[in-house]
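Fold and geometry: a report
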Amino acid sequence: MISSDKHDRMANAIRFLSMDAVEKAKSGHPGLPMGAADVATVLFSRFLKFDPKRPDWPDRDRFVLSAGHGSMLIYSLLYLLGYEDITIDEIKNFRQIGYKTAGHPEYGHAAGIETTTGPLGQGLANAVGMAIAERKLADEFGGDIVDHHTYVLAGDGCLMEGISQEAISLAGHLKLNKLIVFWDDNGISIDGSLSLSDSTDQIARFEASQWNTITVDGHDADAIAAAIESARSSDKPTMIACKTIIGFGAPNKAGTAKAHGSPLGDDEIAGVREALNWTAEPFDIPSDILDCWRLAGLRSTKERQAWEERLAASDAGSRSAFERRVGGELPGGFASAMDAYKKKLATDKPTLATRKASEAALTVINDAVPETLGGSADLTGSNNTKTEQTDAITPDDFSGRYIHYGIREHGMAAAMNGIALHGGLIPYSGGFLIFSDYCRASIRLAALMGIRVIHVLTHDSIGLGEDGPTHQPVEQLASLRAMPNLQMFRPADATETAECWQLALQSEDRPSGIALTRQNLPTVRTEYIEENMCSYGAYDIAPASDADVTIFASGSEVEIALEASGKIEATGRTVRVVSVPSFEFFEQQSEDYKRAILGDSPVKVAIEAGVRQGWDRFIGNDGIFIGMTTFGASGPYKALYEHFGITADATFAAVEAKLNGQADAN
C-alpha cells in the first residue's frame with residue numbers, strides 16, 4: 001500500500017515533468033497532466049498490468065490517452081516507469097523534430113503508446129475496438145492466455161465529439177465489462193468554462209447507453225482505487241467520473257482555461273513549486289520518488305512470467321496459432337487458396353457485381369484466415385461482407401466472427417483501428433463508398449499509424465442508380481487516393497477483386513479501401529495468370545505495340561474501355577487498354593515499368609465514373625477524361641452512364657475528334 005505522502009510525491013513528479021517540458025518547448029498542454037496525475041498514479045502504481053521490459057506482452061492491460069493533447073502525462077509515466085524509449089532527454093525535447101515525444105502521442109514512436117490520439121474521441125473509440133479484440137480472443141484462446149482490461153482517460157472534448165456516442169453505445173450493447181473509462185471532469189475547454197457550450201448530463205448519457213457509472217474526487221487516491229476495484233467487478237463497461245482541477249497546484253491558473261493549452265510561465269511554475277513543496281530542479285526527479293516509480297514498473301513482472309509459463313504449457317497447435325496471429329503473420333495456406341480460387345475464376349468467367357465478387361473472395365479468405373473479423377454499418381446485405389464462416393457476435397456470445405456495428409460508420413472505423421492495434425485479429429468492414437466521408441478521420445489515423453484495416457466500400461459510383469446524388473460517390477475516390485499511406489483498390493472483375501483482397505491482407509503496415517460496384521460486370525481477365533497483376537497497380541489488359549490510342553480505366557469502366565477499344569480499332573487504329581486497380585501500387589513500381597505503362601501514344605484517355613483529379617498522372621494535361629464533373633442524379637444506372645457521357649460511344653467520339661484535330665494541325 002502506498003502512503004498518502006508517497007502518492008502525492010509520485011503524482012507531483014508527473015506534474016513537474018509535464019509543466020517543465022511544456023515550458024521548455026514553449027508549447028503544449030500542461031493542465032490535463034497536472035489535473036489527472038492522481039488518477040494516473042493510482043492506475044499505474046496499483047492496477048495496470050504491464051511490463052516496461054516486455055512492452056509488447058500480448059496480455060498486458062491497454063491504456064489509451066484519448067485526450068491526446070495531454071501527451072506529457074503518458075510521456076512522464078513512460079519515463080518514470082522505466083520504458084527505455086522515453087529517456088529524460090526525450091522529455092527535455094518535447095515537441096521537437098527527431099524525438100519520440102511528439103505534440104500528441106503517436107503509435108510506433110515509443111513502446112507504451114497504444115494508439116495515436118489527438119483528434120478527440122478517437123482514442124475512446126479505439127479502446128472499444130481493443131476491448132472487443134480482448135473478449136473475442138479470450139473466447140477463442142481461453143482466459144489463461146487472454147485476460148486483460150482496457151483503460152481510457154478521456155476529457156470533456158472527447159465526450160462532446162459525436163464519435164463518443166457511437167463508441168459508448170456499441171460498447172454498452174456488447175457488454176464490454178473490461179473497458180474502464182476515466183472521465184477527466186475538469187469543466188474547462190479552450191474557450192473557457194464548459195458551461196459556455198455544453199450542459200450534458202454525462203452520467204445519465206452513459207447509463208442510458210448501458211454503462212456502469214461511478215463518481216469520485218479525482219484527487220482522492222483511495223476513492224479512485226475503490227472505484228477501479230468496483231469497475232473491475234462490473235458486468236458492464238464502466239465510466240468513472242473523476243472531478244479534477246485542471247492545472248492542479250497552479251496558484252493563479254488552476255481551474256481556468258489559462259492552464260489548458262499554453263505554458264504556465266516561470267512565475268506560475270515557481271508558485272506551483274512552492275504550493276506543492278517541490279524543491280527539485282526542472283527535469284530532476286528525487287531518487288526516492290523515481291525508485292518508487294521504477295518499482296511500480298516491475299510490479300507485473302511475475303505475472304508476465306507466469307503468463308509465459310501458461311502459454312508454453314498450452315496446446316501446441318493453439319500456442320502456435322496465437323503466436324502467429326499476434327505476430328501479424330498470415331497462415332501458410334492462404335496464398336495457395338487464393339491461387340486455386342483464381343484458377344476457378346478463369347474457368348468460370350463469372351458475370352457479377354464486384355461487391356458479390358468480394359463476398360465470393362471472402363468466402364475463400366475467411367476459410368483460410370481464421371483471424372479475420374468482419375462487420376458492416378447496418379449494410380450487410382448490400383456490402384456482402386458476411387460469409388458462411390462468420391456467425392454474428394452477440395453481447396453474450398463472442399464465438400462469432402462478424403460484428404453488426406449498426407449505423408455507426410465513424411465509430412466502426414475507429415473500433416477497427418483498435419482491433420488492429422490490439423493484435424491477433426484482422427478487421428474488415430462494409431459501408432457505402434459515399435459514407436467513407438463519415439469514416440475519414442479514423443481512416444486517416446489508420447494510415448498515419450500504418451495498421452492493417454480493410455474497408456469494403458460498395459456502391460462506388462453513379463452505377464448504384466436510383467438512390468441518386470446523395471449516395472453516388474463522385475469525389476471520394478480522388479479524396480481517398482490523396483491520403484498518404486492509404487491504398488485504394490478499384491477492381492474490374494472477380495479476378496481483380498480477389499487479387500486486391502490478397503494485397504490488402506498482405507499489407508501489414510497500410511490500411512486499404514476496396515471500392516466495389518453494385519452493378520454486374522463481365523470477366524475481363526479471361527485467362528489464368530499466376531502472378532498478382534493488381535500488384536503492379538496498372539497493367540496492360542489489352543496490350544498493343546506502338547498504339548495510336550491508350551485507354552486507362554478502373555473498375556466498372558474497364559468494360560467500357562474495352563468496348564471503346566473495339567470501336568476505335570474498327571477504324572484501323574491501334575489501341576491499348578490499361579487496367580488501373582490501384583494508383584498507390586503503380587507508384588511503387590520501377591521507373592522503367594511506369595514509363596512503359598504510361599507509354600507515348602498520341603492520344604491518351606482515362607475513364608472513371610468519378611472526378612478527373614489524379615488521372616493526369618496517366619494522360620497528361622491534354623489527355624481525354626471521360627468521367628464526372630458534377631454530382632450525379634437519380635435514375636437507372638445505364639441511363640445515368642448515357643446521361644453523363646461515360647460510354648464507349650462517347651469515348652470513341654472524343655478520340656476521333658482528338659485524332660482529327662491532330663491530323664488537321666499537321
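Structural notes, computed from the coordinates. (Residues numbered from 1 in each chain as written. Predicted model: local features only at pLDDT ≥ 70, side-chain atom pairs only at ≥ 80, totals over all residues. Heavy atoms only, no water.)

1. A look at the overall build of the protein chain
Helices and strands together make up the secondary structure of the protein chain, namely 26 helices and 20 strands. Here the C-alpha atoms of the protein chain give a radius of gyration of 28 Å, agreeing with the 26 Å that 2.2 N^0.38 yields for 666 residues. Projected onto its principal axes, the C-alpha coordinates of the protein chain cover approximately 90 × 60 × 45 Å. For the protein chain, buried positions account for 61% of its 666 residues. About 24400 Å² of surface is accessible on the protein chain, with carbon and sulfur atoms providing 48% of the total. Charged side chains in the protein chain number 60 positive and 91 negative. The centres of these two groups are separated by 2 Å. (Helix = DSSP H or I, 4+ residues; strand = E, 2+ residues; numbered from the N terminus. Rg over C-alpha atoms; globule rule 2.2 N^0.38 Å. Buried < 20%, exposed > 50% of the residue type's maximum accessible area, 1.4 Å probe, protein only. Areas by Shrake-Rupley, 256 points an atom, 1.4 Å probe, with all protein chains shown as cover. Lys, Arg positive; Asp, Glu negative; His and termini not counted. Charge placed at Lys NZ, Arg CZ, Asp CG, Glu CD.)

2. Some details on the side chain of serine 436
Tracing the backbone through its elements, the reader meets serine 436 in helix H18 (residues 436-449). Overall, serine 436 belongs to the buried group, its relative accessible area being 2%. Those residues in contact with serine 436, other than ones at most four positions away along the chain, are Ile443, Leu457, Gln476 and Leu480. (Contact = heavy atoms within 4.5 Å.)

3. Points about the sheet that holds strand E7 (residues 238-243)
In space, the 5 strands of this open sheet follow the order E1-E2-E3-E7-E6, with parallel pairing throughout. Single-partner strands in this sheet number two, and they are strand E1 (62-65) and strand E6 (212-217). Sheet twist, expressed as the average angle between the axes of neighbouring strands with direction ignored, equals 20 degrees. As paired strands, E6 and E7 are joined by 6 bridges and run parallel to one another. Bridge pairing in E7 links isoleucine 214 to isoleucine 240. On top of the sheet, helix H9 (residues 221-232) reaches strand E2 (150-155), strand E3 (179-185), E6 and E7; it is set at about 170 degrees to E6, its chief contact. (Pairing = 2+ DSSP bridges. Axes fitted to C-alpha atoms, helices over the stretch in contact; angles between N-to-C directions.)

4. Observations concerning helix H7 (residues 163-173)
Along H7, 8 of the 11 residues are buried, which leaves the element largely enclosed by surrounding structure. All buried positions along H7 are accounted for by Ile163, Ser164, Ala167, Ile168, Ser169, Leu170, Ala171 and Gly172. Remark: lysine 175 follows H7 within two positions and exhibits a positive phi of approximately 55 degrees.

5. Topic: helix H12 (residues 301-313)
In this model, H12 (13 residues) spans 19 Å end to end at C-alpha, consistent with the 18 Å of a helix rising 1.5 Å per residue. Check the buried side of H12 and you find it contacts helix H13 (316-326). (Expected span 1.5 Å × (residues − 1).)

6. Side note on the pairing of strand E19 (residues 603-607)
Of all 5 residues in E19, 5 are buried, a share of seventy percent or more. Burial of E19 is two-sided: the residues Val603, Val605 and Ile607 facing one way and the residues Lys604 and Ala606 facing the other way are all buried. Strand direction decides the pairing type here: strand E17 (residues 549-553) and E19, joined by 5 bridges, are parallel. Residue pairing in the sheet places isoleucine 551 in a bridge with valine 605 of E19. Judged from the 3 bridges that link them, E19 and strand E20 (residues 624-626) form a sheet pairing that is parallel.

7. Remarks on the packing of helix H14 (residues 334-348) against helix H20 (residues 494-506)
At a minimum axis separation of 9 Å, H14 and H20 run at an interaxial angle of 170 degrees. When the interaxial angle is binned, H14 and H20 end up roughly antiparallel. In contact with Phe334, Ala335, Met338, Tyr341, Lys342 and Leu345 of H14, H20 contributes Ala494, Thr495, Ala498, Glu499, Gln502, Leu505 and Gln506. Among the residues forming the contact of H14 with H20, the class breakdown is 8 nonpolar, 3 polar and 2 charged. (Parallel < 35°, antiparallel > 145°, perpendicular 65-115°, else oblique. Nonpolar A, V, L, I, M, F, W, Y, C, P; charged D, E, K, R; others polar.)

8. Some thoughts on the pairing of E7
The side chains of a regular strand alternate, residue by residue, between the two faces of the sheet. Buried residues dominate E7, accounting for 5 of its 6 residues. Note that E3 and E7 share 6 bridges and pair parallel. Residue pairing for E7: aspartate 184 is matched across the bridge by cysteine 242. Crossover handedness for the path E6 to H9 to E7: right-handed. (Right-handed = clockwise from strand over helix to strand, strands pointing away.)

9. Digging into the packing of aromatic side chains
This model, assessed by the stated rule, comprises 20 aromatic pairs. Ring geometry for phenylalanine 44 and phenylalanine 50: centres 5.8 Å apart, planes at 65 degrees, overall edge-to-face. A ring pair is formed by tyrosine 536 and tyrosine 593, whose centres lie 5.0 Å apart and whose planes are at 25 degrees; its orientation type is stacked. Remark: tyrosine 593 occurs in helix H23 (residues 591-598) and tyrosine 536 occurs in the loop between strand E15 (520-521) and strand E16 (539-542); sequence separation between them is 57 residues. Among the residues examined, tyrosine 593 registers a relative accessible area of 21% and is labelled partly exposed. By the ring-pair criterion, three or more aromatic residues cluster together here, those being Phe552, Phe583, Phe586, Trp615 and Phe618. (Phe/Tyr/Trp six-rings, centres within 6.5 Å; stacked < 30°, edge-to-face > 60°.)

10. Digging into the sheet that holds E19
Overall, mixed pairing links the 5 strands, which are arranged E16-E18-E17-E19-E20 in an open sheet. Either end of the sheet is taken by a strand with one partner, and the two such strands are E16 and E20. For this sheet, the mean inter-axis angle between neighbouring strands, taken without regard to orientation, is 30 degrees. Contacts between helix H21 (residues 557-569) and the sheet are confined to E16, E17, strand E18 (575-579) and E19, with E17 contributing the most and set at about 165 degrees to the helix. Along the sheet face, helix H26 (residues 648-665) touches E17, E19 and E20 and points at about 160 degrees away from the line of E19.

11. A short note on the packing of helix H5 (residues 122-141) against helix H17 (residues 409-422)
Between H5 and H17, the shortest axis-to-axis distance is 6 Å and the interhelical angle comes to 55 degrees. When the interaxial angle is binned, H5 and H17 end up oblique. When the axes of H5 and H17 are compared, the crossing they make is right-handed. Packed against H5, whose contacting residues are Gln122, Ala125, Asn126, Gly129, Met130, Ile132, Ala133, Glu134 and Leu137, the element H17 presents His410, Ala414, Ala415, Asn417, Gly418, Ile419, Leu421 and His422 at the interface. Taken together, the residues that form the contact of H5 with H17 break down as 9 nonpolar, 7 polar and 1 charged. (Left-handed = near helix turned anticlockwise from the far one by under 90°.)

Remember that the coordinates give geometry; whether it matters functionally is a separate question.
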